[in-house]
Amino acid sequence: LGGLAGITVALSAVAINGCEIKPITELTADEGIARLRGLHKDESWERLVQEVNEYRSRFPYSQYASEAELMQADAFFRTNRYPECIANYDDFLRRNPSHAQADFALFRVAKSYDQQSPEEVDREQATTQKSIEKYSELLQRFPRSSHAKESSERIAQLKLRLAQHHLFVAEFYWKKQLWHGALTRFLYVADTFQTFKDIETTALAKASDAYLKLAEQLEKNPKSDELSFYKSATPQQLKDKSSKLLERRKALLGGTALENPKNEG
């Protein structure tokens, strides 16, 4: 009997609570947004996400719809649910490109990719590239944004990580004696990340060496599959390309620039 009484009390409490807290679908638009604001203030993220879904379903044309959507996206960000966060902010930006908080939404998209980007340079860096793209878009669209400074700083740091990643891959090919793969990566690094002088000069030196390795291989075995990209090249032509890269590197270290530094190789 005591157990039955306890169950009765518990069910009564649920019933009372149910009467106290109406479903958001039974509230007015104003009452609903007030509840959502309260949940956001209290950092009740999981409940906020659910309630926003119900609010947007009940009041799709409410004047507060955008505010509700932004609160939900913020909840996703604060709970590290970055894919959902990105999807929400992207959807918001598609429908509200000129909204007062459009720059913040775009910053959060960039930040979400940034948060997913691995710091280890030996790992895939697709999210790093996406983050750079989104930070750059923010600077282009909203140059006066309060988030512009941090965006610029993050772009610089992420580009360095990306450069180091490509160097890592190039070195991997080098160690495997896959000279053409190494050459392609070293040239890409030298031509893409010229902001980082030490990385550029390192890449130029290694690319020059890779040309020499290919020339040597071509001399030994002109029919090598490794040299399919250079079927029409002669060993001397590859050596000449190597010399040009060294000249470019020397000019860079000497503080002068070549006229067409990207036309080599």
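Provided above is the structure to which this section pertains.
Note that the structure is predicted; figures quoted are calculated from it, not measured.

Peer 1: Just checking my understanding: could you explain helix α2 (residues 29–41) for this structure?
Peer 2: Counted at 1.5 Å a residue, the expected span for α2 with its 13 residues is 18 Å, and the 18 Å between its end C-alpha atoms agrees. G32, I33, R35, L36 and L39 are the residues of α2 that are buried. Angularly, the buried residues of α2 cover 155° about the axis, an arc narrow enough to put them on a single face. Of the surrounding elements, those touching the buried residues of α2 are α3 (45–58) and α4 (65–78). Directly after α2, the chain includes E43, whose backbone phi takes a positive value near 60°.

Peer 1: I tried to follow unusual backbone geometry on my own but got confused; where do I start?
Peer 2: Note: most peptide bonds trans; most residues except glycine with negative phi. Despite not being glycine, E43 shows a phi value in the positive range, around 60°. Tracing the backbone shows E43 in the loop between α2 and α3. Despite not being glycine, N80 has its phi angle at roughly 60°, a positive value. Examined against the element boundaries, N80 turns out to sit in the loop between α4 and α5 (82–95). In this structure N80 comes out as exposed when scored by relative accessible area, which is 52%.

Peer 1: Would you explain the side chain of R161 in this entry?
Peer 2: As for its placement among the helices and strands, R161 is situated in helix α8 (residues 148–175). Put simply, R161 is tucked away with no salt bridge, and the nearest opposite charge, on E119, sits 4.8 Å away. R161 has contacts with S117, P118, E119, V121, Q125, T128 and R154, leaving out every residue within four places of it along the chain.

Peer 1: Explanation requested: the nonpolar core in the structure shown.
Peer 2: Nonpolar side chains in soluble globular proteins tend to end up buried together. Counting residues in each nonpolar core, the largest one holds 64 residues, and the members touching the most others are L36, L48, Y55 and F186. Of all the elements, helix α10 (residues 197–220) adds the most residues to this core, at nine residues. When sequence neighbours within four positions are dropped, the list of residues in contact with Y55 reads I24, A29, G32, I33, L36, S62, Y64 and A68.

Peer 1: I'm lost on the packing of α4 against helix α6 (residues 102–116) in this one. Help?
Peer 2: Relative orientation and spacing of two packed helices are given, respectively, by the angle between their axes and the distance between those axes. Put simply, α4 and α6 touch, their axes get as near as 11 Å, and they point 20° apart. By the angle between their axes, α4 is roughly parallel relative to α6. Between α4 and α6 the crossing geometry is left-handed. Contacts between α4 and α6 pair D74, F77 and R78 from the former with R108, K111 and S112 from the latter. Each residue belonging to the contact of α4 with α6 can be placed in one class, and the counts come to one nonpolar, one polar and four charged.

Peer 1: Honestly, the packing of helix α7 (residues 126–141) against α8 in this entry has me stumped. Any pointers?
Peer 2: Interhelical geometry of α7 versus α8 gives an angle of 150° and a closest axis separation of 9 Å. Classed by the angle they form, the pair α7 and α8 counts as roughly antiparallel. When you trace α7 past α8, the crossing you get is left-handed. Residues T128, Q129, S131, I132, Y135, S136, L138 and L139 of α7 form the contact with α8, whose own contacting residues are A148, S151, S152, R154, I155, L158, K159, R161 and L162. Residues belonging to the contact of α7 with α8 are distributed by class as follows: eight nonpolar, six polar and three charged.

What counts and what doesn't
- Residues numbered from 1 in each chain as written.
- Predicted model: local features only at pLDDT ≥ 70, side-chain atom pairs only at ≥ 80, totals over all residues.
- Heavy atoms only, no water.
- Helix = DSSP H or I, 4+ residues; strand = E, 2+ residues; numbered from the N terminus.
- Expected span 1.5 Å × (residues − 1).
- Buried < 20%, exposed > 50% of the residue type's maximum accessible area, 1.4 Å probe, protein only.
- Arc of directions from axis to C-beta.
- Contact = heavy atoms within 4.5 Å.
- Lys, Arg positive; Asp, Glu negative; His and termini not counted.
- Salt bridge = Lys/Arg side-chain N within 4 Å of Asp/Glu carboxyl O.
- Core = buried A, V, L, I, M, F, W, Y, C linked by side-chain atoms within 4.5 Å.
- Axes fitted to C-alpha atoms, helices over the stretch in contact; angles between N-to-C directions.
- Parallel < 35°, antiparallel > 145°, perpendicular 65-115°, else oblique.
- Left-handed = near helix turned anticlockwise from the far one by under 90°.
- Nonpolar A, V, L, I, M, F, W, Y, C, P; charged D, E, K, R; others polar.

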